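# Topology and contacts: notes
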Amino acid sequence: MKCLPEISVAPMMDWTDRHCRYFHRLISPHALLYTEMVTTGALLHGDAERFLRFDVAEHPVALQLGGSDPADLARCAEMGQAQGYDEINLNCGCPSDRVQNGRFGACLMSEASHVASCISSMVEAVSIPVSVKCRIGIDDLDDFAFLDKFVSLVAEAGCRKFVIHARKAWLSGLSPKQNREVPPLDYERVAAIKERYPQLEIILNGGINLTSQISENIDEFDGFMIGREAYSNPYFLHEIERNILKNTGQLLSRDEVVLAMIPYARAQREHYGTPVKSITRHILGLYHGELGAKAWKRVLSTLPYEADAAEHVILSALDAKNEAAARQKAA
Ligand SMILES: Cc1cc2nc3c(=O)[nH]c(=O)nc-3n(C[C@H](O)[C@H](O)[C@H](O)COP(=O)(O)O)c2cc1C
C-alpha cells in the first residue's frame, strides 16, 4: 500500500512567520511547515536568533534559505540544524527582482551546476534533509528536458527531495504575484519527473485548493504543498488531516483553535513584546465560508490596531462572530 502523502504549507514571505506556523500547527498536527525565505545575508550579518526563532510546537518545520554562495549556504544550513529545524530548503523558485539581483531564487534554475555545488556544500554540512523548491521552467527554458537536466544534476549532488511549483516563472515583465497566476499550471510535467526519478521525493505545488485535487493526483506524487489556500482558508488543513491523512483522532474545532491562540498571544507579548496585531493578522481566514465570518474579520481588522490592544481582542472577535452567526441562523 502506498504511504500517505506528505502535506506541507508553503514558504510565504511576510505570511508564514512563526506566529502563522504556530496557528497552522493547531489546525494540522501533521503538515510540514516551511518558514518564509530567509537570506544567507540576513542570517550571517543580521539578527540570526530572531530570524531562526520558532516554537517547539511547530515541528516538523523546515527552514527555507535564499542565497547562492555555497559556503554561506552551508554555514546557514548548519545554523538551521543547530536551531533544531527538520529540513533545509533552497529557494530556486522566487522570481522577484530583488532576489534576481542577489542571483538567487528562480534565476538559479539556469545555473543547475552551480545549484548542484550549493547543494553538495549544504548536504556535507548537515545531517538533516536538504531539499530544493523550484519551478518547472523559467522564461524560454521551458520544456521537460530543461527541468529534467536541472533535477538530474541537483539530485546527483545529494538532493533527494524537490518541491516543484508547477508553473514556469517569467523573470522579467511579470510581478511575483502575476508569476503565481499567469503562467499555466502543468502537473503532467511534474508527474513525468516523478516517473523518471522514482527514487526521488517529488512534491507538487501550485493551485491546490480542494482535497479532491490531492486525491486525484495522490498516486502521481509523494506529497503536496499548499500555499495561498492555507493562508486564506486555513481550516482547509483540517479537511486535509481528515480526508487525505485519514486522521481520525481529536482535532481542534475552529473555536478551540481561537481559544488556544489567546495564551499564545499573551506569552508572546510577555516574552517578546509582540503586539497582538502581528498574530491576529494571520487568523482572519479561519472562519472562511462560515456564519459570522464577516464579524470575525471586522473586529480583527480594527481592535488589534488600537493603542495598547492585547490578546483579549481575540475573545472579542470570537464573541462578535458567535453573535453574528446566531443572528444569521435565526434570520
Ligand atoms: C505572499 C507570498 C509569498 C511567497 N513567498 C515565497 C517564499 O518566500 N519562498 C518561496 O519559495 N515561495 C514563496 N511563495 C510561493 C509559494 O511558496 C507557492 O509556491 C505559490 O504560492 C504557489 O502555491 P499555491 O498556488 O498553493 O499558492 C510565496 C507566495 C505568496 C502568495
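Residues numbered from 1 in each chain as written. Predicted model: local features only at pLDDT ≥ 70, side-chain atom pairs only at ≥ 80, totals over all residues.

In terms of regular secondary structure, the protein chain is built from 15 helices and eight strands. C-alpha extents for the protein chain along the principal axes are approximately 60 × 45 × 40 Å. Residue burial in the protein chain is summarised as follows: out of 331 residues, 43% are buried. Considering only contacts within the protein chain whose residues lie at least 6 apart along the sequence, 73% involve residues at least 24 apart. (Helix = DSSP H or I, 4+ residues; strand = E, 2+ residues; numbered from the N terminus. Buried ≥ 20, exposed ≤ 12 C-beta atoms within 10 Å, placed from the backbone. Contact = placed C-beta atoms within 7 Å.)

Let us now look at the packing of helix α14 (residues 293-300) against helix α15 (residues 312-330). Contact pair α14 / α15: the axes reach a minimum separation of 7 Å and the direction vectors enclose 155°. In terms of orientation, α14 lies roughly antiparallel with respect to α15. Regarding α14 and α15, the two cross each other, and that crossing is right-handed. Contact residues: Lys294, Ala295, Trp296, Val299 and Leu300 in α14; Ser316, Ala317, Ala320, Lys321 and Ala324 in α15. (Axes fitted to C-alpha atoms, helices over the stretch in contact; angles between N-to-C directions. Parallel < 35°, antiparallel > 145°, perpendicular 65-115°, else oblique. Left-handed = near helix turned anticlockwise from the far one by under 90°.)

This part covers the nonpolar core. Generally speaking, nonpolar side chains in soluble globular proteins are found buried as a group. Of all hydrophobic cores here, the largest spans 94 residues; its most connected members are Ala77, Ile119, Met122, Val154 and Ile164. The dominant element in this core, judged by the number of residues it contributes, is helix α6 (residues 112-125), at seven residues. Each of domain 1 (6-243) and domain 2 (254-330) gives at least three residues to this core. The contacts of Ile119, once residues within four sequence positions are left out, are Leu90, Val130, Val132, Val154, Ala157, Gly158 and Cys159. (Core = buried A, V, L, I, M, F, W, Y, C linked by C-beta atoms within 7 Å. Domains from an automatic or database assignment.)

This paragraph deals with the environment of Ala326. With respect to the element layout, Ala326 can be found in helix α15. By C-beta crowding, Ala326 is classed as exposed, having 12 other C-beta atoms within 10 Å. For the pair Ala326 and Gly292, spaced 34 residues apart in sequence, the C-alpha to C-alpha distance is 8.1 Å.

By nearness alone, 23 residues border the ligand, and Ala10, Met13, Met37, Gly227 and Arg228 come closest of all. Those elements that place two or more of their residues in the shell around the ligand are β2 (32-39) and α10 (228-232). (Near = placed C-beta within 6 Å.)

This part is about the domain arrangement of the protein chain. Taken domain by domain, the protein chain consists of domain 1 (6-243) and domain 2 (254-330). In this structure, domain 1 and domain 2 have C-alpha centres spaced 30 Å apart. Counting residues at the interface gives eleven residues for domain 1 and twelve residues for domain 2. When residues of the side of domain 1 that touches domain 2 are traced back to their parent elements, those giving at least two are α1 (18-27) and α10. When its residues are assigned to classes, the side of domain 1 that touches domain 2 shows eight nonpolar, three polar and no charged. (Nonpolar A, V, L, I, M, F, W, Y, C, P; charged D, E, K, R; others polar.)

To continue, consider the packing of α6 against helix α7 (residues 144-156). At their nearest, the axes of α6 and α7 sit 8 Å apart, and the two run at 25° to each other. Comparing the axis directions of α6 and α7 gives the class roughly parallel. Crossing of α6 over α7 shows right-handed handedness. Mapping the contact onto sequence places Ala112, Ser113, Val115, Ala116 and Ile119 in α6 and Lys149, Phe150, Leu153, Val154 and Glu156 in α7.

Here we take up the pairing of strand β1 (residues 6-9). Taken together, the four bridges between β1 and strand β8 (residues 223-226) define a ladder with parallel strand orientation. Residue pairing in the sheet places Glu6 in a bridge with Gly223 of β8. (Pairing = 2+ DSSP bridges.)

Excluding glycine, a negative phi dihedral is what most residues carry, and trans is how most peptide bonds are arranged. Put simply, His59 and Pro60 share a cis peptide bond, and its omega is -5°. Mapping Pro60 onto the fold places it in the loop between α3 (48-52) and β3 (61-66). With phi around 75°, Asp14 is a residue other than glycine that occupies positive phi space. The phi angle at Arg103 is positive, at roughly 60°, despite the residue not being glycine. Checked against the element boundaries, Arg103 lands in the loop between α5 (97-101) and α6.

With that settled, consider the sheet that holds β3. Around the barrel, which closes on itself, the eight strands sit in the order β1-β2-β3-β4-β5-β6-β7-β8 with parallel pairing between neighbours. Shown here is a sheet whose adjacent strand axes are inclined to one another by a mean of 25°, direction ignored. Where β1 lies against β2, two bridges are found, and the strand directions are parallel. Along β2, the bridge assignment pairs Val9 with Leu33. Its contacts with the sheet place helix α4 (residues 70-83) against β3, β4 (87-92) and β5 (130-135), and it is angled at close to 160° to β3. With respect to the sheet, helix α8 (residues 187-196) is in contact with β6 (161-165) and β7 (201-205), its orientation differing from that of β7 by roughly 175°.

Moving on, we get to helix α11 (residues 236-243). The set of residues buried in α11 consists of Phe236, Leu237, Ile240 and Glu241. One face of α11 carries all of its buried residues, which in axial projection span an arc of 150°. Here the buried face of α11 lies against β1, α1, α9 (211-217), β8 and α10. (Arc of directions from axis to C-beta.)

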